[in-house]
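Structure at a glance
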Amino acid sequence: MASALPRVLVLNGPNLGRLGVREPEIYGHASMADLEIAAARWGAELGLEVEARQTDGESEIVGWLHEAVDAGAHVVLNPAAFTHYSYALRDAAAQVTTADLLLVEVHLSNPATRESFRHYSVVAGIATGTVAGFGFDSYRLALSAIAGKLGA
Ligand code: DQA
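What you see is a predicted model; the values in this text were computed from it and never measured. (Residues numbered from 1 in each chain as written. Predicted model: local features only at pLDDT ≥ 70, side-chain atom pairs only at ≥ 80, totals over all residues. Heavy atoms only, no water.)

Describing helix H3 (residues 58-71)
Relative to the 20 Å expected for 14 residues at 1.5 Å per residue, H3 spans 20 Å between its end C-alpha atoms, a close match to the ideal helical length. The set of residues buried in H3 consists of Ile61, Val62, Trp64, Leu65 and Ala68. Along the long axis of H3, the arc covered by the buried residues comes to 155°, so they all point the same way. Along H3, the residues that are exposed and aim more than 90 degrees away from the buried face are Ser59 and Asp70. Turning to H3, the residues buried within the fold contact strand S1 (7-12), strand S2 (49-54), strand S3 (74-78), helix H4 (87-98) and strand S4 (103-107). Where H3 ends, the next residue or the one after it, Gly72, has phi of about 70°, a positive value. (Helix = DSSP H or I, 4+ residues; strand = E, 2+ residues; numbered from the N terminus. Expected span 1.5 Å × (residues − 1). Buried < 20%, exposed > 50% of the residue type's maximum accessible area, 1.4 Å probe, protein only. Arc of directions from axis to C-beta. Contact = heavy atoms within 4.5 Å.)

Structure follows, in structure tokens:
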């Protein structure tokens, strides 16, 4: 039987497949596989059907945002470096929120405390909200915010 729970896609951009190996002093020691498992568990606790994905490709993440709109799924989005320059991703993310679906931008680190090129997000202006700086907990907080908004 199909799940009646609200669906949330947790979408991750380039280099996040390298979590655990990439700059662990910034991004921690856990892997994307660990995040996928944790996100599904948090979703179950919050009454959400959560699926986490990662890609290095701009066209793939744009396609997943289109899929979210067409499926009526909410989105937790870590656009990674696309955050700072991808207008294609921004335009796709805007379709989520204009469809009255929730989109929470998340970051493991706090980009505002890092290099100046990380200070600007092309996504922030169309997101429902942003959570940054709490490692994996940024994702849990984002899912919790979605569950709270939905009254799930
Ligand atoms: C990031 C921050 C971005 O500036 C960076 O390009 C990433 C990860 C984060 O989660 O902290 O790849 O989105």
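Some details on the sheet that holds S1
The strand order across the open sheet built from 5 strands is S2-S1-S3-S4-S5, with neighbouring strands paired in parallel fashion. Looking at strand neighbours, the two that pair on one side only are S2 and strand S5 (129-132), the edges of this open sheet. Ignoring strand direction, the axes of neighbouring strands in this sheet form an average angle of 20°. Pairing geometry for S1 and S2, over 6 bridges, is parallel. Residue pairing for S2: Val8 is matched across the bridge by Val50. The strands that helix H5 (residues 137-150) touches are S1, S2, S3, S4 and S5; relative to S3, the one it contacts most, it runs at about 160°. (Pairing = 2+ DSSP bridges. Axes fitted to C-alpha atoms, helices over the stretch in contact; angles between N-to-C directions.)

Some remarks on the nonpolar core
Membership of the largest hydrophobic core comes to 26 residues, with the highest contact counts inside it found for Val8, Val10, Val76, Tyr139 and Leu143. Once you skip the residues sitting within four places of it in the chain, Val10 turns out to touch Val50, Glu51, Ala52, Arg53, Val76, Tyr139 and Leu143. By size, the runner-up hydrophobic cluster in this structure holds 22 residues, among which are Leu9, Leu11, Leu77 and Val122. (Core = buried A, V, L, I, M, F, W, Y, C linked by side-chain atoms within 4.5 Å.)

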